Every structure is written in structure tokens, then in C-alpha cells.
Amino acid sequence: MDVHHWDDMYRSRDQVFSGNPNPVLVAEVGCLPPGQALDVGCGEGADALWLARCGWQVTAVDVSEVALRRAAGAAEADVRDRLAWARADLTVAPPPARAFDLVSVHYFPIRREPGHAALYGLLNAVAPGGAFLFVTHPLPDPASAPRSAEYYQPGDIAQLLGPAWHVLVEETRPRAGPRHTHDAVLRASRLR
Ligand SMILES: C[S@@+](CC[C@H](N)C(=O)[O-])C[C@H]1O[C@@H](n2cnc3c(N)ncnc32)[C@H](O)[C@@H]1O
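Residues numbered from 1 in each chain as written. Predicted model: local features only at pLDDT ≥ 70, side-chain atom pairs only at ≥ 80, totals over all residues. Heavy atoms only, no water.

Comments concerning the nonpolar core
No. 1: Formed by 25 residues in total, the largest nonpolar core has its most connected members in Val103, Val105, Ile110, Phe132 and Ile157.
No. 2: Put simply, the parts of the chain that give this core at least two residues each are β1 (36-40), β4 (100-106), α5 (117-124), β5 (126-136), α6 (154-160) and β7 (182-190).
No. 3: When residues in this core are grouped by element, the largest group, four residues, is from α5.
No. 4: Val29, Leu49, Leu133 and Val185 belong to the second-largest nonpolar core, a separate cluster that totals 23 residues. (Core = buried A, V, L, I, M, F, W, Y, C linked by side-chain atoms within 4.5 Å. Buried < 20%, exposed > 50% of the residue type's maximum accessible area, 1.4 Å probe, protein only. Helix = DSSP H or I, 4+ residues; strand = E, 2+ residues; numbered from the N terminus.)

Written out as C-alpha cells, the structure reads:
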């Protein structure tokens, strides 16, 4: 799944996703005071826009220029100054360390690898006191891509978190949707 895959997916339709923020984001972040947020693999931008409307200062990153153009076009004038759109491959170019009060990762493919460099890059982006929210399709899920076992699940990540972290949520919960019936969720806060 390289940049061409994602660009082609977005070009294939005028709108790929619903335009609504992900329900886990709304449920888990609704209670947090706004600060600096990183939306990892922001796609068409619904999560980033919701965060900005809630007062967060959002850096929204995606590898697909097509998705980013679409996302930026959807931003209302009154939240534009709270949104920074950036094109990057976050598996090779990690975000700035300890810079974000929230790192939100929804359905972003992070392939398991020895050393966990890409995953640690995202975890390191969380500032002390900040939150890491990771949501993916659980296994087994018949609608998931057949190679989904190659990607991290919340339990894998929870096991890699050291004593500087506190796991608040690690569960699979139902979700409404035509293809996927459940979300696998990890929410952890960085203590120091
Ligand atoms: C399944 S979509 C999810 C989009 C959005 N988070 C959502 O929940 O609607 C995954 C997104 O991650 C982006 N992406 C995939 N690999 C990436 C990478 N290595 N670096 C940055 N973005 C990437 C894709 O372009 C795509 O927009």
C-alpha cells in the first residue's frame, strides 16, 4: 500500500469516507481539554476538522496529496487557522518528538517490524501528559484485508509501552457500519 495505492483510492471516488468523525475519537477525546493534536493518516480530514472545531490545534498528515487537497477544501474558514495539512510518509519520517497532547491514529496501517521504528516514532510524538489513541479493525474480521495480521493490534502496542505509559482503554467495541462491525481500541496516556 504505497502512495499510488492511496492516491488511486481517493481518485476512484469523489468522496471515500462518510465525512463524519470516527465515533471512537468523539467518545474518547470529547472529555479532553484541547491542545496540540496530530492526526496520523488524516485521509479526507473529518477527524482533523472535528478536532479543530473542538478547539484543538491540529497537524493532519497523510501520504496522499489527493486526500490532503480534499481535506483542506472541506475546512470552514473559521477553523482554517487551527489546521496544518502536511504530506509525509510517517513510517519513514517520524513526527516531532513529544510535541502533541494527542496523537490520533485511526485505521492507519503500521506494519509490524523488528525494532518497531515506525510505531515508536508515533508514540514518541506524544508529549508528557498527552494521549495516544489507536483504532483499527480487530482480528479476526472477515471484512478486514486478508493480510491484516501483518499490522499492529492494540494488544501488541500495549505490550511495548514501558512504565512511562498508562493504558486507559484496551478493548474491542461494536461499531455501526456496513463493512466492519467492531473497532479495536487502545488509549494510553504518557505519564512522563
Ligand atoms: C484507511 S485510511 C483512514 C483515513 C482516516 N484516518 C479515517 O479514519 O477516515 C488510511 C490513511 O492513511 C494514509 N496513509 C497510509 N500510509 C501512510 C503513511 N505511511 N504515511 C502517511 N499516511 C499514510 C492513507 O493515505 C489514508 O488516507
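Here the narrative resumes.
Focus on the site of the ligand
No. 1: In the neighbourhood of the ligand, 18 residues make up the surrounding shell, with Tyr10, Asn22, Gly41, Asp62 and Asp89 lying closest.
No. 2: Contact distances for the ligand include 2.7 Å between a nitrogen atom and a backbone N or O atom of Gly41.
No. 3: Protein coverage of the free-state accessible area of the ligand, which is 590 Å², stands at 91%.
No. 4: Looking at the shell around the ligand, its residues break down into ten nonpolar, six polar and two charged. (Near = heavy atom within 4 Å. Polar contact = N/O pair within 3.5 Å; in protein donor to acceptor, adjacent residues only side chain to side chain. Areas by Shrake-Rupley, 256 points an atom, 1.4 Å probe, with all protein chains shown as cover. Nonpolar A, V, L, I, M, F, W, Y, C, P; charged D, E, K, R; others polar.)

Re the domain arrangement of the chain
No. 1: On domain assignment, one finds that the chain holds domain 1 (1-9 + 42-89) and domain 2 (97-192).
No. 2: The C-alpha centroid of domain 2 is placed 20 Å from the C-alpha centroid of domain 1.
No. 3: Counting across the domain 1 and domain 2 interface gives zero salt bridges.
No. 4: The interface formed by domain 1 and domain 2 includes zero residue pairs in polar contact (both at pLDDT 80 or more).
No. 5: Partitioning the side of domain 1 that touches domain 2 into residue classes produces four nonpolar, one polar and one charged. (Domains from an automatic or database assignment. Salt bridge = Lys/Arg side-chain N within 4 Å of Asp/Glu carboxyl O.)

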